[in-house]
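In case you want the letters, here they are:
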Amino acid sequence: MSTTLDEIYWNAILARDTRANGKFWSCVKTTGVYCLPSCAGRPKRENVIFAQSRAEAERAGFRPCKRCRPDRYVSGDLPSRIADIDWARVGGNLRDNGWASLGRVLSDDECTALIKGYDAPDRYRSTVAMRRHGFGEGEYRYYAYPLPPLIADLRTQLYARVVPIARTWTARDYPADHAGYQKQCAARGQTRSTPLILKYGKGDHNRLHQDLYGDEVFPIQIAILLSQPGKDFDGGEFVMTEQSPRKQSRAMVAPLEKGFAIAFAVNERPVEGARGIYKVKMRHGVSEIRSGSRYCLGIIFHDAI
Ligand SMILES: [Fe+2]
Ligand SMILES: [Zn+2]
């Protein structure tokens, strides 16, 4: 008698086998959640269907289980994690709200290594004390070229995924790869690196702003939180506002956890109105950190003058 893949999966769930985590996801029809195979929950066999990826589970309408937190699970190398993101959903969220969650992109170890690297000065081209410029309270550092491999990989791989969305926003034919786009930045005198790491302590905050570094602006950027809310720090919410013509501003807060990323509009997003397309202005910032320390990575695709 042969064993079907479904039987192998079900046996892994019965055994709560952690080795099966990341290989498939179990979706429980009665509760509407999806789980890691090792989840302590005990669903009935007839209520469980299997998904090959988180994107597949979420497209089928399932939410991450609050008990085993499959959305926190990091598996595979960076290209496979980025490939697992539901980019069609991301494009839809960006179009409708100007921002989108990308889910978990970096592991605990990767976050820790980036935070440790904050104190290695030769990695950076400059350090900015936010108070001196009226940007808020806190400090950030721009990575120097050549970028650390993880930062370079994030920038090139994420660029390739968001460039089709950026093309629909601006009707501009951006190059398919980031190296090509950097040439366009250089042609406008923008050659300095913009990926940065931000460090906030108690009482720090970042005023609402836009990351513009010259005339050349790529319309979407990425932020990845490196610290865990509720554990490493409290407060420090990622806040965005949207200013539509003749309307009050709309405020939005993006839920983030350690290693989770969001994509958001740099300066404006297009909205389809009754009389054609108009633009709404977006700004972002960070609310006051009430305790602890909060580190965040910013991936901006255009370079700076
Ligand atoms: Fe920013
Ligand atoms: Zn679960």
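About the criteria used
- Residues numbered from 1 in each chain as written.
- Chains lettered and ligands numbered in written order.
- Predicted model: local features only at pLDDT ≥ 70, side-chain atom pairs only at ≥ 80, totals over all residues.
- Heavy atoms only, no water.
- Salt bridge = Lys/Arg side-chain N within 4 Å of Asp/Glu carboxyl O.
- Buried < 20%, exposed > 50% of the residue type's maximum accessible area, 1.4 Å probe, protein only.
- Donors = N, O, S within 2.8 Å, 3.2 Å for Na, K, Ca; no water.
- Helix = DSSP H or I, 4+ residues; strand = E, 2+ residues; numbered from the N terminus.
- Contact = heavy atoms within 4.5 Å.
- Pairing = 2+ DSSP bridges.
- Axes fitted to C-alpha atoms, helices over the stretch in contact; angles between N-to-C directions.
- Polar contact = N/O pair within 3.5 Å; in protein donor to acceptor, adjacent residues only side chain to side chain.
- Tetrahedral: all angles 85-135°; square planar, octahedral: opposite > 155°, others 65-115°.
- Domains from an automatic or database assignment.
- Buried area = accessible area lost by both parts, 1.4 Å probe.
- Nonpolar A, V, L, I, M, F, W, Y, C, P; charged D, E, K, R; others polar.

**Some words on the pattern of salt bridges**
If charged atoms from side chains of opposite charge come close, those side chains can pair. By the definition in use, this model includes 17 salt bridges. Note that R104 is salt-bridged to D108, the shortest N-O span being 2.7 Å. You can call R104 buried: its relative accessible area is 12%. One network of salt bridges, in which partners are shared, links R69, D71, R72 and E257.

**Remarks on the coordination of the iron ion (ligand 1)**
Ideal coordination angles are 109.5 degrees for a metal with four donors arranged tetrahedrally and 90 or 180 degrees for a metal with six donors arranged octahedrally. Those protein atoms acting as donors to the iron ion (ligand 1) are H209 (NE2), D211 (OD) and H284 (NE2), and they sit at 2.1 to 2.2 Å. Mapped onto the polypeptide sequence, the residues donating to the iron ion (ligand 1) form the spacing pattern H-x1-D-x72-H. Of this pair, D211 sits in the loop between β10 (205-209) and β11 (220-225) while H284 sits in strand β17 (residues 276-286), and the two are 73 residues apart along the sequence.

**Thoughts on helix α4 (residues 87-97)**
Every buried residue of α4 is listed here: W87, V90, G91, G92 and L94. Packing partners of the buried residues in α4 comprise α3 (78-84), β5 (99-104), α6 (149-170), β11, β15 (260-265) and β16 (268-273). At the C-terminal side of α4, G98 shows a positive phi close to 85 degrees.

**Focus: the sheet that holds strand β3 (residues 48-51)**
A sheet is described by the order of its strands in space; here four strands give the open sequence β3-β1-β2-β4, paired in mixed fashion. Unpaired on one side and paired on the other, β3 and β4 (63-64) mark the two borders of the sheet. Pairing geometry for strand β1 (residues 25-28) and strand β2 (residues 33-35), over three bridges, is antiparallel. By the bridge assignment for β2, C27 is matched with Y34. Strand contacts of helix α1 (residues 5-14): β1 and β3, with the helix running at about 105 degrees to β3, the strand carrying the most contacts.

**Section: the environment of R104**
Inspection of the secondary structure assignment puts R104 in strand β5. Taking the C-alpha atoms as reference points, R104 and P70, separated by 34 residues in sequence, lie 9.9 Å from one another. When residues no more than four places from it in sequence are discounted, the contact partners of R104 are D71, R72, V74, K258, G259 and F260. Here the side chain of R104 touches D108 through a polar contact of 2.7 Å, side chain to side chain. Within the structure, R104 has its side chain in polar contact with the backbone oxygen of K258 (distance 3.4 Å).

**Thoughts on the coordination of the zinc ion (ligand 2)**
Protein coordination of the zinc ion (ligand 2) is provided by C35 (SG), C39 (SG), C65 (SG) and C68 (SG), with donor distances spanning 2.3 to 2.4 Å. For the zinc ion (ligand 2), the four donor atoms in the first shell make angles of 104 to 122 degrees at the metal, so the coordination geometry reads as tetrahedral.

**Notes on the domain arrangement of the chain**
Its domain assignment divides the chain into domain 1 (5-73) and domain 2 (79-299). Domain 1 and domain 2 are separated by 31 Å when their C-alpha centres are compared. The interface of domain 1 with domain 2 comprises six residues on the first partner and six residues on the second. Together domain 1 and domain 2 conceal approximately 590 Å² of surface at their shared face, both sides included; 36% is due to carbon and sulfur atoms. On the domain 1 side of the contact with domain 2, A55, D71 and R72 bury the most area, a combined 56% of that side's loss. Counting across the interface, domain 1 meets domain 2 through three salt bridges. Put simply, D86 and R59 hold a salt bridge, and the shortest N to O gap is 3.4 Å. Of the residues contributing to the side of domain 1 that touches domain 2, the split by class is one nonpolar, one polar and four charged.

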